[in-house]
Amino acid sequence: ESYKNKVVIITDGYLESTSRPADTKLTPQLYKSLVIGNTKEMITLLGLNIPKCDVDLSNTDVMVCEVNERKTGMGKDFDILKAYWTEWLSRMQAKKIDFIAREQATDLTVSKVDAFIKK
């Protein structure tokens, strides 16, 4: 009974779906939402939410680890990625949600994931 559930999600950091090429046309609206501060609402308005999943994560810590930041997003894609994952994981009542942006050195990422697992 003295254990913690931990989930590490590794993502390439890209937001578009190959099955939905129209997603790239929505990127400027999402970038603008970062300035306005309504990214979560814009994701919902555009119908881009990750589909609901009937999973209870109320006893689970989650880390989302970006491994391949896009050069053209100037850090904006990571902020949008955080909004997507936070909204979805929050709906499943995740206990704690951490994010790691792509690091220049793999060793830094490995040490952060290791520290997350050991907490």
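It should be noted that the structure appears before, not after, this text.
Rules and cut-offs
Residues numbered from 1 in each chain as written. Predicted model: local features only at pLDDT ≥ 70, side-chain atom pairs only at ≥ 80, totals over all residues. Heavy atoms only, no water. Helix = DSSP H or I, 4+ residues; strand = E, 2+ residues; numbered from the N terminus. Buried < 20%, exposed > 50% of the residue type's maximum accessible area, 1.4 Å probe, protein only. Contact = heavy atoms within 4.5 Å. Areas by Shrake-Rupley, 256 points an atom, 1.4 Å probe, with all protein chains shown as cover. Core = buried A, V, L, I, M, F, W, Y, C linked by side-chain atoms within 4.5 Å. Salt bridge = Lys/Arg side-chain N within 4 Å of Asp/Glu carboxyl O.

Undergrad: Help me out: how do you make sense of the overall build of the protein in this one?
TA: Broken down by element type, the protein carries four helices and three strands. Mapped in sequence order, the helices and strands of the protein form the string β-α-α-β-α-β-α. Burial status across the protein gives 34% buried among its 119 residues. Long-range pairs, those at least 24 residues apart, make up 75% of the contacts in the protein between residues at least 6 apart in sequence. When the accessible surface of the protein is summed, it comes to about 7,800 Å², and 55% of that surface belongs to carbon and sulfur atoms.

Undergrad: What's the story with the nonpolar core in this structure? I'm lost.
TA: One finds Ile9, Leu57, Val62, Val64, Phe78, Leu81, Trp85, Trp88, Leu89, Met92 and Ala94 forming the largest nonpolar core, which totals eleven residues. Elements supplying a minimum of two residues to this core: β2 (60-66) and α3 (76-91). The element that contributes the greatest number of residues to this core is α3, accounting for five residues. Aside from chain neighbours lying at most four places away, what touches Val62 is Val7, Ile9, Leu57, Leu89, Ala94, Lys96, Ile97, Asp98 and Phe116.

Undergrad: Explain the pattern of salt bridges to me, please; I cannot follow it from the model alone.
TA: For side chains bearing opposite charge, pairing can occur when the charged atoms are close. Evaluated as defined, the whole model comprises five salt bridges. With a closest N to O distance of 3.9 Å, Asp98 and Lys119 form a salt bridge. Of this pair, Asp98 sits in strand β3 (residues 96-100) while Lys119 is found in the segment after α4 (106-118), placing the two residues 21 residues apart along the sequence. Here the salt bridges do not stand alone but share partners, grouping Lys96, Asp98 and Lys119 into one network.

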